[in-house]
Amino acid sequence: LNDYSKEMRLTEMWRVMIKQMHDSIVELKTIVEDYGYTMMWFSYLFDFCLEIVVYSGSIIITAYKTLVQKNMLLGDGYVIINSISNIARTINYAGNVFLKLDDNSLYINNLRLFLDYEVQIKEDMNAPVVPEMQTLDICNVGFSYNDHDSATLNNVNLTIQKGEKIAIVGYNGAGKSTLVKLLLRFYDPSEGEILLNGNDIKRYKLSSYRGLFGTIFQDFCLFAVEVSENVMLRGHLTDDDNAVVEKALESSGVLEKINSLSNGIHSIVTKEFDIDGTVFSGGEAQKIALSRIFACEQEIVILDEPTAALDPIAEQELYNNIFEACKNKTVIF
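Residues numbered from 1 in each chain as written. Predicted model: local features only at pLDDT ≥ 70, side-chain atom pairs only at ≥ 80, totals over all residues. Heavy atoms only, no water.

Regarding the overall build of the protein
To be explicit about the condition: Helix and strand assignments come from DSSP, with helices taken as H or I runs of at least 4 residues and strands as E runs of at least 2, each series counted from the N terminus. Radius of gyration here is computed from C-alpha atoms only, and the compact-globule reference equals 2.2 Å multiplied by the residue count raised to the power 0.38. Each residue is placed in one exposure class: buried if its accessible area under a 1.4 Å probe, protein chains only, is under 20% of its type's maximum, exposed if it is over 50%, and partly exposed if it falls in between. Residue contacts follow a heavy-atom distance rule, with two residues in contact if any of their heavy atoms lie within 4.5 Å. Working definition of accessibility: Shrake-Rupley area with a 1.4 Å probe, residue cover restricted to the visible protein chains. Charged-residue counts in this description rest on Lys and Arg as positive and Asp and Glu as negative, His and the chain ends being excluded. Charge positions come from single atoms, namely NZ of Lys, CZ of Arg, CG of Asp or CD of Glu.
Counting its secondary structure elements, the protein contains eleven helices and eight strands. Expected size for 333 residues packed as a compact globule is a radius of gyration near 20 Å; at 33 Å, the protein overshoots this value by more than 25%. In terms of principal-axis extent, the alpha carbons of the protein reach across some 105 × 50 × 45 Å. Residues counted as buried form 31% of the 333 residues belonging to the protein. In the protein, of all internal contacts separated by at least 6 residues, the share reaching a separation of at least 24 is 66%. In the structure as shown, the protein presents an accessible area of about 22300 Å², 57% of it carried by carbon and sulfur atoms. Distance from the positive charge centre (28 side chains) to the negative charge centre (46 side chains) of the protein: 4 Å.

What follows is the structure in structure tokens.
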């Protein structure tokens, strides 16, 4: 895979991979040596029963009844032999199908888990929609990903006013991204509560509450669709929408690159579904993702390490543009 090619060429990591493959083959050989003869004898026994007992037996019995006892017509004998053979083949095929079902069930286990998954935070269609944001309060919030794990967040308190610009800073693993996920209600706090205008966010309609936020994650993704759709994050775009897309791309500093493409903002991202799709560098992809902030109309903007792939000059220009575009919005860095 291309993802591994540079390290494989520059290092001796390939020796480790070859060693792992060799060990796997040795293990497979051991398994064959332990069980191969048993499987072979079972196979021969099955073939013996099928060929000798079923086919040959049916032919001998039918021939005896037709030629010796003469109580069966020759045509009837052919029908019986053919019928028995068909039944034997059908039973054999049915057995193989059940074996294949068992094998394939191992591969669809992830799909089963996905389809059986019950949503923990459900949408209440009768819940009230959110009002205009005035304050967002984090009150004594604690959170653990699993009950037996130590707390990722503990006793966090914070009040964010409308239009405020704040930065949350901490070492790797301190819980910054976890706090973002709690604000977006991807999870609910294990302890404490989050209040919007003094009311618990759980009382509001989920989609309406999440609609307050325009968010760029540190592990953002670009979809294999048009650049314009990646910016607006929806389809059926009008000419006015396309104008918004171009302005947003300009603010993030990537419009010149997009305009150099043959299809401009209608160019497909990645080659996943289109051989003529465009693969962007890390910095270019991050700028496209950041364009979503300039195009969004949400009241609260969350930027989770939004400029990790940018050089210092591009980063400074981008922050200036963000503050200008979000001067009337609440921004959480």
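Additional details are given in the paragraphs that follow.
Some thoughts on the environment of Pro189
Positionally, Pro189 belongs in the loop between helix H5 (176–183) and strand E4 (191–196). Note: C-alpha distance between Pro189 and Lys100 (89 residues apart in sequence) is 44 Å. Setting aside residues up to four positions removed in sequence, Pro189 forms contacts with Val141, Gly142, Phe143, Leu182 and Ile194.

Quick notes on the nonpolar core
Threshold: Residues belong to one nonpolar core when they are buried, are Ala, Val, Leu, Ile, Met, Phe, Trp, Tyr or Cys, and are joined through side-chain atoms within 4.5 Å.
One finds Val227, Val231, Leu249, Ile258, Phe280, Leu303 and Ile322 to be the most contacted residues of the largest nonpolar core, which totals 29 residues. Elements that contribute at least two residues to this core include exactly helix H7 (227–232), helix H8 (239–252), helix H9 (255–259), helix H10 (282–295), strand E7 (300–303) and helix H11 (312–325). If one sorts the elements of this core by residue count, H10 sits on top with six residues. When near neighbours in sequence (up to four residues on either side) are disregarded, Val231 contacts Val245, Ala248, Leu249, Ile288, Ser291, Arg292 and Ala295. Core analysis: the second largest hydrophobic core is formed by 24 residues, Ile160, Ile201, Leu212 and Phe213 among them.

Notes on the pattern of salt bridges
Keep this limit in mind: Salt bridges are defined as contacts in which a side-chain nitrogen from Lys or Arg sits within 4 Å of a carboxyl oxygen from Asp or Glu.
Tallying each qualifying case throughout the model produces six salt bridges. For Arg234, the salt bridge goes to Asp241, with nearest N and O atoms at 3.0 Å.

Things to note about the sheet that holds strand E2 (residues 153–161)
Keep this limit in mind: Pairing between strands requires that DSSP locate at least two bridges from one strand to the other. What counts as an axis is a line fitted to C-alpha atoms, over the stretch in contact for a helix, and the angles between N-to-C directions run from 0 to 180 degrees.
Taken together, the four strands give an open sheet; going across it, the order is E2-E1-E4-E5, and neighbouring strands pair in antiparallel fashion. A strand with exactly one partner marks an edge of an open sheet, and here the two such strands are E2 and strand E5 (199–200). In this sheet, E2 lies alongside strand E1 (residues 135–143) in antiparallel orientation, the contact comprising six bridges. Counterpart to Asp137 in the pairing with E2 is Thr159. In this fold H5 packs onto E1, E2 and E4, with an angle of close to 120 degrees to the strand it touches most, E1.

Considering the layout of surface pockets
Applicable threshold: Every definition here rests on a 1 Å grid over the protein atoms only: cavities are sets of points where a 1.4 Å probe fits but cannot get out, pockets are open sets enclosed by protein on both sides within 12 Å along at least five of seven lines, and lining residues have some atom within 4 Å of a point. Grid points are joined across faces, edges and corners, and a volume is the space filled by probe spheres set on the points. Charged means Asp, Glu, Lys or Arg here, nonpolar means Ala, Val, Leu, Ile, Met, Phe, Trp, Tyr, Cys or Pro, and polar covers whatever is left, Gly included.
Roughly 570 Å³ of internal volume is contained in the largest pocket. What lines the largest pocket is a set of 23 residues, among which Phe213, Gly214, Thr215, Leu233 and Gln298 lie closest to the centre. Of all the secondary-structure elements, those providing two or more residues to the lining of the largest pocket are strand E6 (213–216), H7 and H10. Here the lining of the largest pocket gets four residues from one element, more than from any other, and that element is E6. Of the residues in the lining of the largest pocket, the class split is 15 nonpolar, four polar and four charged.

Some details on the packing of H8 against H10
Filter applied, for reference: Under this scheme an angle from 65 to 115 degrees is roughly perpendicular, one under 35 degrees roughly parallel, and one over 145 degrees roughly antiparallel; angles in between are oblique. Handedness of a crossing is defined here by the sense of rotation of the near helix relative to the far one, left-handed for an anticlockwise turn of less than a right angle and right-handed for a clockwise turn.
At a minimum axis distance of 8 Å, the contact between H8 and H10 shows a crossing angle of 120 degrees. Judged by the angle between their axes, H8 and H10 are oblique. The chirality of how H8 crosses H10 is right-handed. Contacts between H8 and H10 involve Val244, Ala248, Leu249, Ser251 and Ser252 on the former and, on the latter, Lys287, Ser291, Phe294 and Ala295. Across the contact of H8 with H10, the residue classes break down as five nonpolar, three polar and one charged.

Quick look at the environment of Gly75
Tracing the sequence through the fold places Gly75 in helix H3 (residues 74–107). Judged by its relative accessible area of 43%, Gly75 falls in the partly exposed class. Sequence separation between Gly75 and Gly264 is 189 residues, and the spatial gap between their C-alpha atoms is 75 Å.

Some details on empty space enclosed by the protein
Evaluated as defined, the whole model comprises one cavity of 30 Å³ or more. Counted as a void, the largest cavity has a volume near 30 Å³. Top element by residues in the lining of the largest cavity is E4. It accounts for three residues. For the lining of the largest cavity, the residue count by class is three nonpolar, one polar and four charged.

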